[in-house]
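Coordinate analysis (summary)
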Amino acid sequence: FVGVQSEVTWRSRTTCVCLPRPAERSGEDVDIILARLKNVKAFEKFHPNLLQQICLCGFYECLEKGITLYRQGDIGTSWYAVLSGSLDVKVSETANHQDAVTICTLGIGTAFGESILDNTPRHATIVTREFCELLRIEQREFKSLWEKYRQCMAGLLAPPYGVMESGPNNDSECWIPSEKILRAGKVLRSAILSRASHMIRDRKYHLKTYRCSCCARARLRVWRVLPRARDAEASDQELHFQDKYLFYRFLDDEQEDAPPPTEEEKKESDEELQDTLLFLSQIGPDAHMRVILRKSPGQRTVDDLEIVYEELLHIKALSHLSTTVKRELAGVLIFESHAKAGTVLFNQGEEGTSWYIILKGSVNVVIYGKGVVCTLHEGDDFGKLALVNDAPRAASIVLREDNCHFLRVDKEDFNRILRDVEANTVRLKEHQQDVLVLEKSPSSGRTSNHSGASTHYKYTVMSGTPEKILEHFLETMRLDSHFPDADPALDDFVLMHCVFLPNGQLCPMLMHCTYHAQGSQGSEQEKLDYALSNKRRVIRLVLHWASLYGDHLQEEEASLAFLEEFYVTVSDDSRLISALKEDLPELEKIVKHNSDDAKSSQKKHKVLLRQFSMGDERLQKRQPIRSNDEILFKVYCSDHTYTTIRVPVAAPVREVIAAAADKLGSAEDLLLVSLSSAGGEKDKVVLKPNDVSVFSTLGINGRLFVCPRNQLDSLTALPEQEGPTAASFGTFELMSSKDLAYQMTVYDWELFHCVHEHELVYHTFGRQTFRKTTANLDLFLRRFNEVQLWVITEVCLCNQLGKRVQLLKKFIKIAAHCKEYKNLNSFFAIIMGMSNPAVSRLSQTWEKLPSKFKKFYGEFESLMDPSRNHRAYRLTVAKLDPPIIPFMPLLIKADDCQHRADSEILPQPTIQ
């Protein structure tokens, strides 16, 4: 029997002695053992005489990680108590132990093995999940103790699954249920007893009876919300749950003769059931994540790893890490939580043993002599520096609030991942400098080590110079594949190259450096084959590039000239190389389309007269706005007179000022000012000379003013900027909520459809860098503000309580239909408008709102929860099939955060 020692060393913080066999123990030996057992939770309430007997007959065992103590079906010979460490409890439906499922973990102070009292086979397999110290009592002695001290020991026979106590080497969660969770449990218990009372009944576990509910054959719809069964579909057929080996017990059933719910309690529970199910369904995914993260790495399934990996994609501290590293982390991350503020996670000067990521809560960073130097919040990380440098902790970490959750990576796993990443990294150097860095990774995202199939690998670009990255993509491009199935990294390069390799540099490089490249080694035939393959790859890349840019190519004369020159060159080569004729028709079609459109736009510029106004012309079919389109716009003076100027949409501020000065006949040094409706000092923004596309970035009631610097303080808002003075509820209350939502969705879709991917790039990295407009994106973002402020305005301008209640009901209905149409932009705009303090403070109005609508609003509002990087929103979107109109302000925020994270790690001159 592995791990058993007849004479062992009893470990203690203060004493280390050799334990003789029970019959040979002296009084001093017994005193040492007794002192240790008094500190074990399982023995806190034991009579001193019982503890004395345990000291005389107990054996000490120390077991390494991964040791099987006994298997399911074995006949028991001993009873155990956990002194340190933890063990997994595994159950199998079959005789095959490989099918066993881990159903819980036993921690410090728990006891197990009481089946020896009635000689029944073991009901589970017990495996150590880390180094463990156990107290073992053999069957004969345990039966004797049981007969003599039955009342005192009865508490130990309750199944203590999931009960963990903090110890020196055991980081664990001390979780105290909130009032909300307690109420949810009460409502759920009442619902089960009312609808399927047979599910909660007495069940015998060894020598004790428990009142609990099993979810193995649940037919009740409420079981959909149980954490590990959240994906089950409720139907009339039998359901199969991952947690079917577990029994769920309610706190009310802990009391003997717990009374059934009264009629009044049943009625209250029925009213609250939907809210309860919603609440439990929201906390269910987090509970599922914690269950996975508490498993040992070897026990996590492929699906488990994928769930963890998907969460890691949205953690700020990991945003700069490669996909390979994130997948490695998914297998080793450990969940850790602490209940009380003020808990010291580690002290300055201690050895670094782990890297931490804050999942929930915040911590203070404390340095001796300086106090709190900063505070870290959700998504931040700490503790990595000590691991990288193998140095002591540079600061102490103290919990700033209660109930903080962390993800932890231990030093051994951290170092292994670093070694693996470096081992799988290929670096191409020129003149002792890295010019291309590739990382080896599985070609498929989800791989299983248990399958017999071989794993295919690919090399992903991590960083490099623009020239080498382009060379790599061309060399690895498959000529037998089509672009819809192309490498996503190539798509990213084609979309993002404007950031580090503008078209003015890319086009000459494609023409002169790559298309005409010749092989330098091999036979003449091999050189010809290399040249042909290279030309075909460049053609395919140019087709992909032109397809992605679309009509935006017409804004750049150099790009159009390149396309025409490239087409002529390929056409000439195709007369000698017939293999090039395959892609020639598509290339000709793209060149002809762009040339014709460019000539048409040169003859007649599109002048935007109404794209930015607020009138009925919105009903017109909207067309995308281009940077070379022109706009007629009013620019106001300090005396509220105005002049109308005509400039390109993407014109910089200095050009707008020059046009206004020319119309006004002014020779003064003028400023261009954006002024909102409030007109205060904070609402005046002096625009910078290099700012572009300023017309589309104005607020809903914003206006452009031009004035000398000495008149800046005297600028006041126009009367029209004050907004409406009367509500329009009388007009739209007669309209169908569904029709309104539909028309809003049609209009929002037109706006969204006009937004090009490059506008997101320009917005993130700064439109002034590219001298390009983001007008389509700006208008779509402004649409969100329009809807939000429309809701606030209508409610606040309505002076009758009854009509305000009807307004809230109307907006909740419209929001519900927008969600049904997958128009998340207007859906969130309406809900955020209703949650604005100007509306939410109307307590009398909300009190009059029917409970049905309050429930709908509560459900909708919960989707705006920003915690865990807006996890509620992400889960909602994941369940929707495209097409979807996204919540664009949130996406813009995410892009900006990602850009800030990337800007800290981009090496120069290479691109990452």
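Residues numbered from 1 in each chain as written. Predicted model: local features only at pLDDT ≥ 70, side-chain atom pairs only at ≥ 80, totals over all residues. Heavy atoms only, no water.

1. Digging into the overall build of the chain
- A tally of regular secondary structure across the chain gives 29 helices and 30 strands.
- Within the chain, the fraction of its 912 residues that count as buried is 46%.
- Long-range contacts, defined here as pairs at least 24 residues apart, represent 69% of the contacts in the chain between residues at least 6 apart.
- Accessible surface computed for the chain: about 47300 Å², of which carbon and sulfur atoms make up 50%. (Helix = DSSP H or I, 4+ residues; strand = E, 2+ residues; numbered from the N terminus. Buried < 20%, exposed > 50% of the residue type's maximum accessible area, 1.4 Å probe, protein only. Contact = heavy atoms within 4.5 Å. Areas by Shrake-Rupley, 256 points an atom, 1.4 Å probe, with all protein chains shown as cover.)

2. Focus on the packing of aromatic side chains
- Evaluated as defined, the whole model comprises 32 aromatic pairs.
- Taking 6.3 Å as the distance between ring centres and 50 degrees as the angle between the ring planes, the aromatic pair formed by Y70 and F112 counts as tilted. Within this pair, whereas Y70 is found in strand β4 (residues 68–70), its partner F112 is found in strand β8 (residues 111–112), the two being separated by 42 residues in sequence. The same class applies to Y70 and to F112, which are both buried.
- Ring plane angle 35 degrees and centroid distance 6.1 Å describe the contact between F346 and Y356, whose orientation is recorded as tilted. Linking F346 in strand β15 (residues 344–346) with Y356 in strand β16 (residues 354–360), this pair joins segments that are 10 residues apart in sequence. The same class applies to F346 and to Y356, which are both buried. (Phe/Tyr/Trp six-rings, centres within 6.5 Å; stacked < 30°, edge-to-face > 60°.)

3. As for unusual backbone geometry
- Residue P883 is reached from P882 by a cis peptide bond, and omega for that bond is 5 degrees.
- Along the chain, the position of P883 falls in the loop between α28 (867–878) and α29 (888–903).
- In this structure, Q432 is a non-glycine residue whose phi angle is positive, near 65 degrees.
- With respect to the helices and strands, Q432 occurs in the loop between β22 (425–430) and β23 (433–442).
- In this structure, K822 is a non-glycine residue whose phi angle is positive, near 65 degrees.

4. Remarks on helix α12 (residues 488–500)
- Compared with the 18 Å implied by 1.5 Å per residue over 13 residues, the 18 Å span of α12 between its first and last C-alpha is a close match.
- Helix geometry: α12 is bent most strongly at V494, by close to 40 degrees.
- Along α12, the residues classified as buried are L490, F493, V494, L495, H497 and C498.
- Residues of α12 that are buried sit in contact with α11 (466–476), α13 (503–515), α14 (524–549), α20 (757–765) and α21 (767–770). (Expected span 1.5 Å × (residues − 1). Bend = angle between axes of the 7 residues up to and from the residue.)

5. Notes on the sheet that holds strand β10 (residues 132–138)
- Sheet architecture is open: four strands sit in the order β3-β10-β5-β8, paired in antiparallel fashion. Since the sheet does not close on itself, it has two edges, and those belong to β3 (59–63) and β8, each with one partner.
- Here two bridges tie strand β5 (residues 78–84) to β8, and the two strands are oriented antiparallel to one another. Within β8, the residue paired with Y80 across the bridge is F112.
- Across the sheet, helix α3 (residues 139–148) touches β5 and β10, and the angle it forms with β10 is around 75 degrees. (Pairing = 2+ DSSP bridges. Axes fitted to C-alpha atoms, helices over the stretch in contact; angles between N-to-C directions.)

6. A closer look at the pairing of strand β26 (residues 630–636)
- Taking burial as the measure, the seven residues of β26 include five buried ones, the bulk of the element.
- One ladder, built from seven bridges, connects β26 with strand β27 (residues 642–648); its direction is antiparallel. Within β27, the residue paired with V635 across the bridge is T643.
- Hairpin connection, β26 to β27: the antiparallel pair is bridged by five residues, and H640 has positive phi, about 75 degrees.

7. A short note on the packing of helix α23 (residues 801–820) against helix α27 (residues 851–862)
- Viewed as axis vectors pointing N to C, α23 and α27 meet at an angle of 50 degrees, and their least axial separation amounts to 10 Å. If you check the angle between α23 and α27, you find them oblique. In the crossing of α23 with α27, the sense of the turn from one axis to the other is left-handed. Along the contact surface, α23 presents K809, I812, K813, A815, A816 and K819, while α27 presents F853, F856, Y857 and F860.
- A class-by-class count of the residues in the contact of α23 with α27 yields seven nonpolar, no polar and three charged. (Parallel < 35°, antiparallel > 145°, perpendicular 65-115°, else oblique. Left-handed = near helix turned anticlockwise from the far one by under 90°. Nonpolar A, V, L, I, M, F, W, Y, C, P; charged D, E, K, R; others polar.)

8. Details of the UniProt feature "domain: Ras-associating" (unreviewed entry) in the chain
- Per the UniProt record, "domain: Ras-associating" (unreviewed entry) is found at residues 629–665.
- Structurally, residues 629–665 is divided into 32% helix and 38% strand, and its ends, taken at the C-alpha atoms, are 25 Å apart. (UniProt positions renumbered as here; feature names shortened; annotations may be inferred.)

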